Structure formats: C-alpha cells, structure tokens
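Commentary on secondary and tertiary structure
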Amino acid sequence: MKLLAITSCPNGIAHTYMAAENLQKAADKMGVDMKVETQGSIGVENKFTEKDIQEADGIIIAADKTVEKDRFVGKKVLVVGVQEGIRKPEELIKKHQNGEVPVFQSSGGKSIDEYKKEKKDKQNPIYRHLMNGVSYMIPFIVVGGLLIAIALTIGGKPTESGLVIPEDSFWKTIEQLGGASFTFMIPILSGFIAYSIADRPGLAPGIIGGYIAANGSFYGSEAGAGFIGGIIAGFLAGYVALAIKKMKVPKSVQPIMPIIIIPVFASLIVGLVFVFIVGAPVAQVFVTLTDWLAGMQGTSSILLAVILGAMISFDMGGPVNKVAFLFGAAMIGEGNYEIMGPIAAAICIPPIGMGLATFLKKRKYEEAERETGKASFTMGLFGITEGAIPFAAQDPLRVIPSIMAGSITGSVIAMMGNVGDRVAHGGPIVAVLGAIDNVLMFFVAVIAGAFVTAILVNLLKKDAVMEVAGTGVQVDVDSNIEEKSLQSNQAASAIGEISKLTDITNQKLIDTNLKGSTRDDVIDEMIAKLEKEGVLDSSSLFREAIISRENESSTGIGMNIAIPHGKSSAVREPRVVFGVKREGIDWNSLDGTEARLIFMIAVPKESEGDAHLKILQMLSRQLMDDEFRQKLLGVKTTEEAYRLLDQIN
C-alpha cells in the first residue's frame, strides 16, 4: 500500500512536524510506503507530484487549517485534526488498510481530469506554451555549449582566421558533437511550443518550421532568424495545426488527420510563410545593417561600440548577433583587431551576467533557473552567448534589456581601452589562449558588463514564487531578508549556517535542574543565561517578545515539552537555551501534560526570515522520538545533555 499524508497546524510550526514525524514512523513500522507533505509556516515541503497522487492508494490529511483537496478527487481521503496525526498515526493508517475511508468527490462534482483542465486553463497559455518549448530546448544548449567549450579549451589553437581545432584532432570530433546539439536547439524549441498548442499533430510542423527559421539559406540570408524566429515558427505551427485539427471532416478522413493531413498542411503553411513572407524581408534588413556598420568606421568608435554591443546581445547567436560578429571577423581580415575586441567582450557578458545574477540573488530564481545559471556562467567563459537564451526566452522583457545594457557597457569599455582580438571568437577563453591585446582592459570590460547585467536584471525581476500545494496561494521561494545593519548581516549569516542544534547553543546555555516554580520564573531563569552570555542587549525587551508569543497561544506542545520562542531587536544572534524541570511545571500544554523539557529560542528581529521556524522544525521532529525524550529527561550533567543535543540536526 502507498499512502500520502499532509500535516498542518494553525501556526504551522511544531505540531505540523510532530504529526509528520509520527505518521512517517508509524508507516515505516507497519510496512506502508508513505510520503508526507508538510504545510508549515516555512512553506510547503516535500510537495506531492502528480505521479505521487496518481500512484497513491489513499491520502491522510491531519490538519487544523484548510487544505485544498481538489487535487485528490477520486482518491480515498481521510481528514482529521493534527493532534490525531500525532497521537493515533497507526489507527489512521489502519483505516485505509481496512477500507474504511470514502472516496473524495469535489464539491462541484468535477472529475480529476476536469479539475486539472480548469487549473491549466487559468494559466497564461502563451507563457505555458513558451515554457514547454524552453524546457525541452535547455538540454540541447547545455550539451552543445559544454562540449564545444571543452573542445576549444583543450584542442583549440589561435590562428589568423579564428580559434581553430585541427581537422585531424580528436577534439574536432567533440566540437562537431557539440555543434550537432546546437543545430537541434531551435527546431526543438519550435517543435515543443507547437506540441503544447496542438498536441502531437503540431510537433512535426513545429520542428520543420524551427529548422527553416534557423537556416537562412531558405530565404536568402547568411544568418537565420535565431531563437526569436524559432518562437514565431513554433506558435505559427501550433495554431495552424490546431486550426486544421478543429476542422470538420468526413469520418473516413479522421483517422489520417493527425498523422498525414495536419502535419503535411501545417508544415507547408509554416514553411511557405517563412520562406516568402517572414524570411526574405528579414534577410534584407541584415544586409542593410552590415552595410551601415561598415560605413560607421572612423566616425564614432564609441557609438559603434554601443551598436555592436547591443546587436551581439539582442538575440544571442541569432541573425542580429551574426551580422555584428561577421562584421568584426571581416575587420580581422583587414588587420583591424580593435573592432573584434569589443565584440569579444560583449559576446560573453549575457551568459556570465545571467549566471552571476542567479548567484547574487537566489530568491529571484527558481531552483531550475539557478541550475541553468551555473551552466550559463560556464558557457560565458568560453564565449557561448547562447547560454543566456533560456533566461531570455522565459522573461524577454526584463532579461533582454538587461543583457543589452551589460554588453553595451563591456563593449564601450573595451573600445576605450583599445582591446583587440586577433581571432574570430570571444570570451575569457580567447584571452587565456593569447589572442587578446590589452588583456587587463578586456577583463575589466567583461566584469563591469556582467555586473551591470546581473544588477539590472535583479532590480527588474520580482522574487520567484511557488504555489502552496493546492491552495492557489503563492509565496516567496526564499524569505525576503533585508539586511539593515552589520549586526543583522552577521545574524543572517549565522542562521544560514545552522545545520544542527549545537551550532547555536553551548554548555553554558544548558541547565539540567531548573529551579523556577512557575512558567514565568523559568522564563526569567533561562533569559538570565542568554544575558550572561552577552546574547541580549535588553533582557526586558526580549522577555516582552517571549510573553507576547505565549499570550497568542501556549508554546507547550505536549508530551512534557515546551518551546518558548521570541524574535526581538534585543537579540544579537540566534541562540537556544535548554533546561530540564524534573518535577514538571504547568505550561498550559494542549495535552494537559506539565513541561519538563524546555527549549527557549532567541532570534534577532532584523533577520526577517524563518530562522526560528527552522529551529522549531528541527526540534519538533527529533523530540517525537520517545527514547530520545527519555534520555534527555535522564541527563545528570550539562556535558551529557550537550552530547544528546548534538544529535538534533
């Protein structure tokens, strides 16, 4: 049997994770495959995939707050309070094993397929189709870019005609493999945009349209239409295929519609539109651009650098980029290396800048984008502008102006610094191989341009968001931490480094024999330890924060445990005090038990993240172990207690 469980409590702190831990332990003990999703104050963790839900035999929801259930339509769903998840996990699992749980139906009587379709329809369809194409394109960019980069680094030799790998070299084969991957990039982008729109009948027309867009020979251009043309081809193929798909035809023709009629006619329409309408005028634009650039030599080198930087970054390896690149390569043949120098700097700034942006502000990007950023940065080092394409395709209005500003900055600095490039290639790899004149200014140009791109795009982009499972509510991927002072920076740094409880406690913050006779006495006793350790600027202000939290609801979480916690500007850095009250003390716990194991958490107010929640989560999970609690209750010395606390991570 495979079960899924969701746990959540009103505060989203201790009980959420206590229930999760007990359900998981009970399932393991009973031989049941279980995955638990927690919906706490930190956000949704261990989120279910559609595959998880599809394969599940049933769902347990142990929550004291509303949990969206529509994604479980057609599944057996048991809904109980979070306390039952903590106290009766085996009983809940047995109800599923005994077939005592009813099948859940949505309030509107919708099937799961109808629910998924309704959710999908609420999304922006253009964005959804575009992202489908981008997701399939990214592996081709990564494979092609990294293979070419490796081949150039190890096997490349600078010559008058460019960075060249000898034909008889093993590395020439590796370069060709990378080049083959790049040739699929645009067709795959187009094909899967069309596939998203029209399903399988749109795939072939999309790939064919993308191939035509990438190969200008179809419409008399040395440079193709690049990834922008690929996007146009993908949407054109998708909607043409969809229109043909919706046409009413005789029943005898219907079987061959998806495999013959739609692909053939859609491919013809897309191909002819590109060859006779889109491609030819674009080719003339590029010829005009090349002539215009050639006419600018000697008039204004700075203006020329601005234009070249903008063109190189505008479509990242597309036709506009190729016009500027070929112009610079032609100047090398005439002995003018100071045109290719600014181009060589501008070429690598988009991928390096976007990689740098993901490093500087992680909360602006989802996990997949951060991984793409690493590959993008690496490609930039080898002069592969296409590394920035995934970012530009996903968010063109913010990314393209940002990378253009960065490339323009780098190009102008390189032009003013008399940077020359003797080979038709760009990026730091060219400088390493000795083809750059005035290497210092080249790197100044690249670094300045990359930072301009990174800073600008991060200013324009909003924080990445994720949807709280099934609720439609979106929350920041990372907490929005505003460092207001050096003290708060240090606190944030300390928070980020917490991997176990002993990172933020020590033997001086442990008391195995608390003496207070009331809850408030014990609180004062523990605050005194923080004050003695120099953690607090004001014990009275921190006490106010602790008592204020207790007045909201008791931090006595049950099972003889209390976790008083407070966030205050009086706290210099995060710390935890641990104490044992052997005879117990009334803490108004939910299960009526007296508090005997007491943990006090102190966190700086300036750290507007979720540090105290993570510490609470850490504690809650470990304290669900009955044996561990008994060991803590039995400690005699602070050294013994510290060794046990070192196991909490």
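Residues numbered from 1 in each chain as written. Predicted model: local features only at pLDDT ≥ 70, side-chain atom pairs only at ≥ 80, totals over all residues. Heavy atoms only, no water.

Under the 1.5 Å per step criterion, the end-to-end length of helix H18 (residues 439–460) is 32 Å for 22 residues, consistent within 8% with the ideal 32 Å. Every buried residue of H18 is listed here: Phe-442, Ala-445, Val-446, Gly-449, Ala-450, Thr-453, Ala-454, Val-457 and Asn-458. (Helix = DSSP H or I, 4+ residues; strand = E, 2+ residues; numbered from the N terminus. Expected span 1.5 Å × (residues − 1). Buried < 20%, exposed > 50% of the residue type's maximum accessible area, 1.4 Å probe, protein only.)

The subject of this paragraph is the pattern of salt bridges. For the structure on display, the rule yields 17 salt bridges. Residues Lys-2 and Asp-52 are paired through a salt bridge, measuring 3.8 Å at the closest nitrogen-oxygen approach. On the criterion of sequence distance, the pair formed by Lys-2 in strand E1 (residues 2–8) and Asp-52 in helix H2 (residues 50–55) is long-range, its members being 50 residues apart. Classification of Lys-2 by relative accessible area gives buried; the value is 16%. Here Glu-583 makes a salt bridge to Lys-581, at a shortest N to O gap of 2.8 Å. (Salt bridge = Lys/Arg side-chain N within 4 Å of Asp/Glu carboxyl O.)

If you look at the biggest cluster of nonpolar residues, it comprises 52 residues, and the most contacted ones within it are Leu-130, Ile-193, Met-316, Met-354, Val-399, Ile-436 and Phe-442. Ile-557, Ile-601, Met-624 and Ile-648 belong to the second-largest nonpolar core, a separate cluster that totals 32 residues. (Core = buried A, V, L, I, M, F, W, Y, C linked by side-chain atoms within 4.5 Å.)

A few words on unusual backbone geometry. Despite not being glycine, Asp-199 has its phi angle at roughly 65°, a positive value. You can see Asp-199 is positioned in the loop between helix H7 (170–198) and helix H8 (203–214). With a phi close to 55°, Asn-418 is a non-glycine residue in the positive phi region. Along the chain, Asn-418 falls in the loop between helix H16 (396–416) and strand E8 (420–421).

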